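Fold and contact review
Below are the chains, spelled out letter by letter.
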Amino acid sequence: MSAPRKTERILIAAATGAATAIFAYAVLRGVERAFYMEPNPALLIWSDRSAFLWRAQVALYAGGLGAFGGYALSGFKTRVIWLGALIATGTIALVLEAVIAP
């Protein structure tokens, strides 16, 4: 197998970043649901920060880190194995998060 072209490496990096962001969001939501109490929306008038926006920002940051890692790992021959496993793990984590901690 020859070395992947630059466009292939960029596409692999994008897929890795997206899967990492999905996995990070699901993990953050699960941790938040398990360890932190949510305020009652009826009693909460104004909040200077949104938990959803913070989770989304941290997940996007982790996805960016995952994209850099995916680009670096895309030169190896085992890229299909770890990318498939990462996508499957992210999908399973997102489904579990949606079922357990909506």
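That block above? That's the structure.
Not measured: the values here are computed from a predicted model. (Residues numbered from 1 in each chain as written. Predicted model: local features only at pLDDT ≥ 70, side-chain atom pairs only at ≥ 80, totals over all residues. Heavy atoms only, no water.)

Things to note about the overall build of the protein chain
Our working rule: Only runs of H or I of at least four residues qualify as helices and only runs of E of at least two qualify as strands under DSSP, and these elements are numbered from the N terminus. Classification of residues uses two cut-offs on accessible area relative to the type maximum, computed with a 1.4 Å probe and protein chains only: under 20% is buried, over 50% is exposed, and between them is partly exposed. Whether two residues are in contact is decided by their heavy atoms: any pair within 4.5 Å suffices. Surface accessibility in these figures is a Shrake-Rupley result with a 1.4 Å probe; residues are shielded only by whichever protein chains are displayed.
The secondary structure content of the protein chain amounts to three helices and zero strands. Listed by position from the N terminus, the elements making up the protein chain come as α-α-α. In the protein chain, which comprises 102 residues, the proportion classed as buried is 25%. A fraction of 90% describes how many contacts in the protein chain between residues 6 or more apart in sequence connect residues 24 or more apart. Entry remark: accessible area of the protein chain is about 7,400 Å², with carbon and sulfur atoms responsible for 74%.

Focus on the packing of helix α1 (residues 6-35) against helix α2 (residues 51-73)
The condition that has to hold: Angles here are taken between N-to-C directions and fall from 0 to 180 degrees, while the axes themselves are lines fitted to C-alpha atoms, restricted in helices to the stretch in contact. A crossing counts as left-handed when the near helix is turned anticlockwise from the far one by less than a right angle, and as right-handed when that turn is clockwise. Under the convention adopted here, Pro, Cys and the residues Ala, Val, Leu, Ile, Met, Phe, Trp and Tyr are nonpolar, Asp, Glu, Lys and Arg are charged, and Gly plus all remaining residues are polar.
The N-to-C vectors of α1 and α2 enclose an angle of 145°; their axes lie 6 Å apart at closest approach. Along this stretch, α1 crosses α2, giving a crossing that reads as right-handed. Looking at the contact of α1 with α2 residue by residue, the classes come out as 16 nonpolar, six polar and five charged.

Things to note about α1
One turn of the α-helix equals 3.6 residues, which is why residues spaced by three or four share an orientation. Definition in use: Here the expected span of a helix is defined as 1.5 Å times the quantity of residues minus one.
For α1, with 30 residues, the first-to-last C-alpha span of 43 Å sits near the 44 Å given by 1.5 Å per residue. For α1, every residue scored as buried is listed here: Ile 12, Ala 13, Thr 16, Gly 17, Ala 19, Thr 20, Ala 21, Ala 24, Tyr 25, Ala 26, Arg 29 and Glu 32.

Side note on the environment of Ile 92
Mapped onto the secondary structure, Ile 92 falls in helix α3 (residues 79-100). Taking relative accessible area as the criterion, Ile 92 reaches 51% and is therefore assigned exposed. Sequence-wise, Ile 92 and Ile 22 are 70 residues apart; in three dimensions their C-alpha atoms are separated by 10.0 Å.

Some details on α2
For α2, which comprises 23 residues, the first-to-last C-alpha distance of 32 Å matches the rise-based estimate of 33 Å (1.5 Å per residue) to within 8%. Where α2 is concerned, the buried positions are Arg 55, Ala 59, Gly 63, Gly 66 and Gly 70.

Quick notes on the pattern of salt bridges
Which entries qualify depends on this criterion: For salt bridges, the criterion is a side-chain nitrogen of Lys or Arg within 4 Å of an Asp or Glu carboxyl oxygen.
Here the structure, examined in full by the defined rule, presents three salt bridges. Between Glu 32 and Arg 29 there is a salt bridge, with its nearest N and O atoms 3.0 Å apart. In this pair, Glu 32 and Arg 29 are both assigned in helix α1, three residues apart and thus about one turn of the helix distant. Measuring nitrogen to oxygen at the nearest pair gives 2.3 Å for the salt bridge that ties Arg 55 to Glu 32. Here Arg 55, found in helix α2, pairs with Glu 32, found in helix α1; they are 23 residues apart in sequence, far enough to count as distant. The pair Arg 55 / Glu 32 is uniform in exposure class, with both members buried. Salt bridges here are not isolated pairs; linked through shared partners, they connect Arg 29, Glu 32 and Arg 55.

Section: the packing of aromatic side chains
Any aromatic ring pair is given by two values, namely how distant the centres are and how the planes are angled relative to each other. Our working rule: Classification of ring pairs rests on two measures: the distance between centres of Phe, Tyr or Trp rings, Trp counted by its six-membered ring, which must be within 6.5 Å, and the angle between planes, read as stacked under 30 degrees, edge-to-face over 60 and tilted in between. Comment: the charge-over-ring label is applied if NZ (Lys) or CZ (Arg) is within 6 Å of the ring centre and within 35 degrees of the ring normal.
Considering all chains together, one arrives at one aromatic pair under this definition. One residue, Arg 9, lies across the ring of Tyr 71, its end atom 4.3 Å from the ring centre.

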